[in-house]
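Observations on the three-dimensional arrangement
Letter by letter, the chains look like this.
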Amino acid sequence: MHEGRRLMNEGCENRLVIGDKLLSVVPSGPDGAFDQYCDEISLSPRTAREYRHTAHMCTPPARGRQRRPRQLQRAL
């Protein structure tokens with residue numbers, strides 16, 4: 001279970017990293033350039049748009065908040 005959580009957390013972080021990269025390389029604008037970039041990195045444009053949107057909406061303060069593990073929540 002811990003390994004699964006760790007992998008999911010890493011996956012979530014990776015999506016944010018990819019979304020940040022998409023925002024910096026191909027900001028919102030004409031989809032032609034965006035679609036071409038997605039094709040070059042072998043990422044579905046639909047998925048890339050979701051990652052980019054998530055990164056845009058997940059501001060640094062929101063990223064700083066982390067959920068506490070259940071064991072810690074119970075202890076508090």
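See the structure printed just above.
Computed from a predicted structure; not experimentally measured.

**Considering the environment of Asp20**
Its location among the elements puts Asp20 in helix 1 (residues 2-25). As for Asp20 and Ala55, which are separated by 35 residues in sequence, their C-alpha atoms are 5.7 Å apart. Once you skip the residues sitting within four places of it in the chain, Asp20 turns out to touch Ala55 and Arg63.

**A look at the pattern of salt bridges**
The full count for this structure, using the stated rule, is two salt bridges. A salt bridge links Asp35 to Arg49; the nearest nitrogen and oxygen atoms lie 2.8 Å apart. Placement of Asp35 in helix 2 (residues 31-40) and of Arg49 in helix 3 (residues 45-57) is noted, with a sequence separation of 14 residues between them. One salt bridge connects Glu50 with Arg46, and the closest N-O pair in it is separated by 3.8 Å. Highlighted residues: Glu50 and Arg46, both in helix 3, separated by four residues, approximately one helical turn. A residue is classified by how much of its surface remains accessible, and Arg46, at 65% relative accessible area, is exposed.

Thresholds applied
- Residues numbered from 1 in each chain as written.
- Predicted model: local features only at pLDDT ≥ 70, side-chain atom pairs only at ≥ 80, totals over all residues.
- Heavy atoms only, no water.
- Helix = DSSP H or I, 4+ residues; strand = E, 2+ residues; numbered from the N terminus.
- Contact = heavy atoms within 4.5 Å.
- Salt bridge = Lys/Arg side-chain N within 4 Å of Asp/Glu carboxyl O.
- Buried < 20%, exposed > 50% of the residue type's maximum accessible area, 1.4 Å probe, protein only.

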